[in-house]
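The chain contents come next:
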Amino acid sequence: MFDKILIANRGEIAVRIIKTARRLGIATVVVHSDADAGSMAVEMADEAIHIGPSPAAESYLVQDKIVEAVRRSGAQAVHPGFGFLSENPVFARRLEAEGIAFIGPNPGAIEAMGDKITSKKFAAEAGVSTVPGHMGLIESNAHALQIANEIGYPVMIKASAGGGGKGIRVAHSDADMAEGFAAVKAEALTAFGDDRVFLEKFIIDPRHIEIQVLGDKHGNIVHLFDRECSLQRRNQKVIEAAPSPLLDEATREAMGAQAVALARAVNYDSAGTVEFVAGQDRSFFFLEMNTRLQVEHPVTELITGVDLVEQMIRSAAGERLPFTQDQLAINGWAIESRIYAEDPYRGFLPSIGRLVRYEQPEEGEQDGYVVRNDSGVREGDEISMFYDPMIAKLNTWAPTRIAAVDGMRRALEDTHLAGVGHNVPFLAAVMDQERFRSGALSTSYIKDEFPEGFKGAAPDRRRLDVMIAAACAMTEIAAEQSGDPSDRTDWIVLVDREAHGVSLGYDEDEVLTLDLAGEDRTLRLSDIDWCPGMAQFRAVLDDQPFTAEVARTADGWTVRSGAAKARVRVFTPRQAELFARLPEKAAADTSRLIQSPMPGLVVSIAVTVGQEVKGGETVAIIEAMKMQNILKAERDGVVKAVAAKAGDPVAADDVLVEFG
């Protein structure tokens, strides 16, 4: 076993590897860029070595700097995590030549399976069913258009060296192909240093299911069952689960056997994932193999009890797998929600800035479920524009799938973030949806369920009760603490502008009761955990615990329960009558402006003053979080002013172009 390993990565995966290494008694070294100098991983590791400026191309992707850090530290092995150099066979071979162990598969397996084009050819030769496509290199836009028409639209454009949802576009026409091909090549070069692109048929209404494999250097290979990764946005996984609710035992066994056969064919000897695209009829096709640890590996660990990072380390050290296939079994269900610094109300655009508040759910055994939170940031940390905007991977486990989903609902309620936009309300909305709870998934789920984007959710009866009860309790508590309590019991509660009559009282157990006028219902609110200034209101409503995100406003409260958010005001009847007469403020007209949807850098401005622009034409391209975001005109118009140029840094809502 190794005495010291170097982690050639950052963020939550670096923290995750450190935790396992500590348990095994292995010292850790992390490398870091300028942006990560004060990171959680740097704080936790036994040693930290600076390797350069913030851009990954000048730090985490520079092999010379990683190798030099290994030499300086005396580490015996390198764990690459995921992304960066994790699937680079040149890097793995270089470490091998230097006498440094690579905690991952052998270079030959990486080369055979890590490259998307080569892996498709290899799988086809091995008799594995593959999705129709063109696996050869595509040299030009004209060549891409020719191939796309031969395959037939829709076509997926993918970076050969891609991963993590980067370098992928779906084209439905020649126009989409012309624009998407250039964009994917540019993203691939920036993110992976490799602009090779391939095309494949886009399967309608598919599911994305993957099999976790694990091998050692003695020829032993097993699979650790399946994960459902169908909930994706822009080809980036958002919510994962294990096992898949689609598969029956026969299909699961067939997929597992095929994944193991493919891994065995390339002498695979570490953790890896064989990805399949599956039809709703349980037909499946090989998609690709990721020759590294997956982001979503925690759900597999939760249903199998196997620490995949530990097994990768042991395999790299030459140890045999401690179990055989028949000793592995699925225990329960697990859900993972990826919490990102992105604004779901603005098309999920990346959000950067400082985490002013970060309250996390309690980990471990809860009431009928287990919580695990893999995070690489702390309250006060900066979410940088240079890297993926992930804040945490929130996981829950329970004996049944519905219990795991319900546990995730509670864990998301107990997560509070401030300072950056975040997708927790969106994740909460999905957990409330009957379609998700039933397991009727597909990769088009988010597009199907949120065709106009995410605008929040209207409160259902339970969420509405939470808002009313929390606002009344906070109003009472705040009045008492200010020394000006009211003896009034009858109030009008406005949830946004919808009025609810409420009579407050206390029962024999001194529990706050709320009689709802005209509804013949009484709510009981107990175990209140809140005082003025707290951002989360915790209590038990009708014997069910909840957490709501709250903030004081000039005339009441803002309350968010799950995906539902509202202004809640607790008024006397006379105040409510007067408030109803106030006109609503009209929203500002921004229809003639093209504004930057996020902080980032202007890649290009495609229009000039006086130019006539048609709806749908590209106006500007903004780069943030290694992704290029194409801004298009919503309608026809003439350009009145251009307020930015290529290379300019911009903030969210900065005006780029104004139409006359």
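The preceding data block contains the structure.
What you see is a predicted model; the values in this text were computed from it and never measured. (Residues numbered from 1 in each chain as written. Predicted model: local features only at pLDDT ≥ 70, side-chain atom pairs only at ≥ 80, totals over all residues. Heavy atoms only, no water.)

Enquirer: An account of the overall build of the protein chain is needed here, citing residue identities and associated values.
Expert: Counting its secondary structure elements, the protein chain contains 17 helices and 40 strands. On C-alpha atoms alone, the protein chain measures out to a radius of gyration of 27 Å, which is about the 26 Å that the 2.2 N^0.38 rule sets for 660 residues. With the C-alpha coordinates of the protein chain rotated into their principal frame, the extents come out at 80 × 65 × 50 Å. In the protein chain, which comprises 660 residues, the share counted as buried stands at 57%. Relative to all contacts within the protein chain whose residues are 6 or more apart in sequence, the contacts with residues 24 or more apart total 64%. Accessible surface for the protein chain amounts to roughly 26400 Å². Of this, 50% is attributable to carbon and sulfur atoms. Taken together, the 69 basic and 99 acidic charged side chains of the protein chain have centroids lying 3 Å from each other. (Helix = DSSP H or I, 4+ residues; strand = E, 2+ residues; numbered from the N terminus. Rg over C-alpha atoms; globule rule 2.2 N^0.38 Å. Buried < 20%, exposed > 50% of the residue type's maximum accessible area, 1.4 Å probe, protein only. Contact = heavy atoms within 4.5 Å. Areas by Shrake-Rupley, 256 points an atom, 1.4 Å probe, with all protein chains shown as cover. Lys, Arg positive; Asp, Glu negative; His and termini not counted. Charge placed at Lys NZ, Arg CZ, Asp CG, Glu CD.)

Enquirer: Now, about helix H11 (residues 308-316): what can you tell me, with residues and values included?
Expert: With eight of nine residues buried, H11 lies mostly within the body of the structure. Turning to H11, its buried residues are Leu308, Val309, Glu310, Gln311, Met312, Ile313, Ser315 and Ala316. The N-cap residue of H11 is Asp307: its side-chain oxygen and the backbone nitrogen of Val309 are 3.0 Å apart. Following H11 by one or two positions, Gly318 has its phi on the positive side, about 95°. (Polar contact = N/O pair within 3.5 Å; in protein donor to acceptor, adjacent residues only side chain to side chain.)

Enquirer: Please set out the packing of aromatic side chains residue by residue, giving values where relevant.
Expert: Evaluation of the coordinates by the stated rule reveals 14 aromatic pairs. Between Tyr60 and Tyr387, the aromatic rings sit 5.8 Å apart at their centres with planes inclined by 75°, giving edge-to-face as the arrangement. Of this pair, Tyr60 sits in the loop between strand S3 (47-52) and helix H3 (63-73) while Tyr387 sits in the loop between strand S22 (382-383) and strand S23 (390-398), and the two are 327 residues apart along the sequence. Neither Tyr60 nor Tyr387 differs from the other in exposure class; each is buried. Ring centres of Phe276 and Phe284 lie 5.3 Å apart, and the angle between their planes is 85°; this geometry places the pair in the edge-to-face category. Residue Phe276 is classed as buried on the basis of its relative accessible area, which comes to 1%. By the ring-pair criterion, three or more aromatic residues cluster together here, those being Tyr345, Phe348, Phe426, Phe450 and Phe454. The aromatic ring of Trp491 is capped on one face by Arg488, whose charged end is 5.9 Å from the ring centroid. The ring centre of Trp557 lies 4.4 Å from the NZ or CZ of Arg552, which sits over that ring. (Phe/Tyr/Trp six-rings, centres within 6.5 Å; stacked < 30°, edge-to-face > 60°. Lys NZ or Arg CZ within 6 Å of the ring centre and 35° of its normal.)

Enquirer: Can you break down helix H4 (residues 89-98) residue by residue, with the values?
Expert: For H4, every residue scored as buried is listed here: Pro89, Phe91, Ala92 and Leu95. Viewed along the axis of H4, the buried residues span an arc of 160°, placing them on a single side of the element. Within H4, the exposed residues directed more than 90 degrees away from the buried face are Val90 and Ala97. Elements in contact with the buried residues of H4: H3, strand S4 (77-79), strand S5 (101-102) and helix H5 (107-114). Phi turns positive, to about 80°, at Gly99, one or two residues after H4. (Arc of directions from axis to C-beta.)

Enquirer: So what about the sheet that holds strand S21 (residues 370-375)? Which residues, and what values?
Expert: The antiparallel open sheet is built from nine strands, whose spatial order is S14-S13-S10-S11-S12-S15-S23-S21-S20. Because the sheet does not close on itself, it has two edges, and the strands there are strand S14 (284-290) and strand S20 (364-365). When S20 meets S21, the two strands line up antiparallel, connected through two bridges. When the bridges of S21 are listed, Glu365 appears paired with Val370. (Pairing = 2+ DSSP bridges.)

Enquirer: Please set out the packing of helix H1 (residues 11-24) against H11 residue by residue, giving values where relevant.
Expert: Here H1 crosses H11 at 65°, and the two axes come no closer than 9 Å. Accordingly, the angle class assigned to the pair H1 and H11 is roughly perpendicular. Relative to H11, H1 is oriented so that their crossing is right-handed. Only Leu308, Val309, Glu310, Ile313 and Arg314 of H11 make contact with H1, whose side of the interface consists of Arg16, Ile17, Thr20, Arg23 and Leu24. In the contact of H1 with H11, the residues fall into five nonpolar, one polar and four charged. (Axes fitted to C-alpha atoms, helices over the stretch in contact; angles between N-to-C directions. Parallel < 35°, antiparallel > 145°, perpendicular 65-115°, else oblique. Left-handed = near helix turned anticlockwise from the far one by under 90°. Nonpolar A, V, L, I, M, F, W, Y, C, P; charged D, E, K, R; others polar.)

Keep in mind that these numbers describe shape and distance, not what the molecule does.
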